[in-house]
Amino acid sequence: MKSDIKLITDEGKRLDGRGPHDLRKIKIEAGVLHRADGSCYLEWGGNKVLAAVYGPREAVPRHTQNPLKAIVQARYNMAAFSVEDRKRPGPDRRSVEISKVISEALEKVILTEYFPRASIDVNIEVLDAEAGTRCAGLSAAAVALVDAGIPMRDIPVACAAGKIEGQVVLDLGKEEDNFGDADLPIAISPRTDEVLLLQMDGHFTVNEFNQAFDLALKGCHTVSEIQKKAILEKYQSVVAEVQE
Ligand code: ADP
């Protein structure tokens, strides 16, 4: 969608004052819910996301079981109050799509073969949405999986880059997403840089696509460090408590 809004000032700053390669502010806390096996609360700019993990537990109904490995079921949900105009509660095409791509991304790093016939359930609740919720949700889910003690090859992480006013920038905000030219969310395994998710909205030239991909990849590595810090923070305090 085009608009009269100027997304980049003459000084090269974006609407929220960021430069083209800056991420929004990110805050992550691991282990915030008592009843879930693992959980995480994440703020990413104006996004607020809770992730809760249950399992591995017996998959029901039984016909969903895989005798060779666990199934990974992520359920992404945007709260009715998370957007400006109240959103109709319950699943819609968009949330079904996001749940599917996040499930498939997480499944690639979880050691599902350790838990035949089991289900690993990941609930992602978006409390406040301001663009980039699939990346925020996946990154929160990854920390919740670690908190639940689910064995994984790596801690997956997601970040997007996009194009506004013909310029490739990192991590689109709300107006940039609405009125920009393109958005490229990716998720990776940061240890190997294997791509776990890649979606694209809008149009890039090959050169712009490569620039956006490299930028999103760097963004993923920055978010990955914040994820690791959040996990260490929780478990260092747990270890200190046990030692006391
Ligand atoms: P993502 O949140 O991963 O960027 P989209 O590109 O589909 O996914 O959505 C961009 C943003 O548009 C969301 O983060 C949210 O702020 C807004 N949005 C999505 N769905 C709705 C809706 N039903 N009503 C109002 N705003 C919405």
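Scroll up a little and you will see the structure.
Scoring rules and cut-offs
Residues numbered from 1 in each chain as written. Predicted model: local features only at pLDDT ≥ 70, side-chain atom pairs only at ≥ 80, totals over all residues. Heavy atoms only, no water. Core = buried A, V, L, I, M, F, W, Y, C linked by side-chain atoms within 4.5 Å. Buried < 20%, exposed > 50% of the residue type's maximum accessible area, 1.4 Å probe, protein only. Helix = DSSP H or I, 4+ residues; strand = E, 2+ residues; numbered from the N terminus. Contact = heavy atoms within 4.5 Å. Patch = residues over 30% accessible without salt bridge, like charges linked within 9 Å, V, L, I, M, F, W, Y side chains within 5 Å. Areas by Shrake-Rupley, 256 points an atom, 1.4 Å probe, with all protein chains shown as cover. Salt bridge = Lys/Arg side-chain N within 4 Å of Asp/Glu carboxyl O. Lys, Arg positive; Asp, Glu negative; His and termini not counted. Charge placed at Lys NZ, Arg CZ, Asp CG, Glu CD. Near = heavy atom within 4 Å. Polar contact = N/O pair within 3.5 Å; in protein donor to acceptor, adjacent residues only side chain to side chain. 1 Å grid on protein atoms, 1.4 Å probe; cavity = no way out; pocket = protein on both sides within 12 Å on 5 of 7 lines; lining within 4 Å. Sits in = over half its atoms within 2 Å of the grid points. Nonpolar A, V, L, I, M, F, W, Y, C, P; charged D, E, K, R; others polar. Phe/Tyr/Trp six-rings, centres within 6.5 Å; stacked < 30°, edge-to-face > 60°. Pairing = 2+ DSSP bridges.

(A) Structural view of the nonpolar core. Counting residues in hydrophobic clusters, the biggest one holds 63 residues, and the most contacted among them are Trp-44, Leu-106 and Leu-145. Ranked by the residues each element gives to this core, the list is headed by helix α4 (residues 206-243), at nine residues. Dropping the residues within four chain positions of it, Leu-145 is found in contact with Val-53, Leu-106, Ile-110, Ile-120, Val-122, Ile-150 and Met-152. One finds Ile-8, Ile-164, Val-169 and Phe-179 within the second-largest nonpolar core, a separate group that totals six residues.

(B) Quick peek at a negative patch on the surface. Taken together, Glu-84, Asp-85, Glu-130 and Glu-175 make up a surface patch of like negative charges. Inspection of the secondary structure puts Glu-84 in the loop between β4 (71-78) and α1 (93-107).

(C) Examining the site of the ligand more closely. If you check the shell around the ligand, you find Met-78, Val-83, Lys-87, Arg-94, Ala-129, Glu-130, Ala-131, Gly-132, Thr-133, Arg-134, Lys-174 and Asp-177 and nothing else. One of the backbone nitrogen or oxygen atoms of Ala-129 is found 3.5 Å away from an oxygen atom of the ligand. Within the side chain of Arg-134, one N or O atom sits 2.8 Å away from an oxygen atom of the ligand. Contact with the protein chains covers 74% of the free accessible surface of the ligand, which is 530 Å². Comparing atom positions with the cavity grids shows the ligand to sit within the largest pocket. Broken down by secondary-structure element, the contributors of at least two residues to the shell around the ligand are α2 (133-147) and α3 (174-179). Its residues placed into classes, the shell around the ligand shows four nonpolar, two polar and six charged.

(D) Structural view of the packing of aromatic side chains. With the rule as written, the count across this model stands at three aromatic pairs. With a centroid separation of 6.3 Å and an interplanar angle of 65°, the aromatic rings of Tyr-114 and Phe-115 are classed as edge-to-face. Judged by its relative accessible area of 23%, Phe-115 falls in the partly exposed class. Each member of the aromatic cluster is reached from another via a ring pair, and the members are Phe-204, Phe-209 and Phe-213.

(E) View of the pairing of strand β9 (residues 194-198). In this sheet, β9 lies alongside strand β8 (residues 182-189) in antiparallel orientation, the contact comprising four bridges. Across the sheet, the residue bridging to Ile-186 is Leu-198, located in β9. Two successive antiparallel strands, β8 and β9, enclose a turn made up of four residues, where Asp-193 displays a positive phi of approximately 65°.

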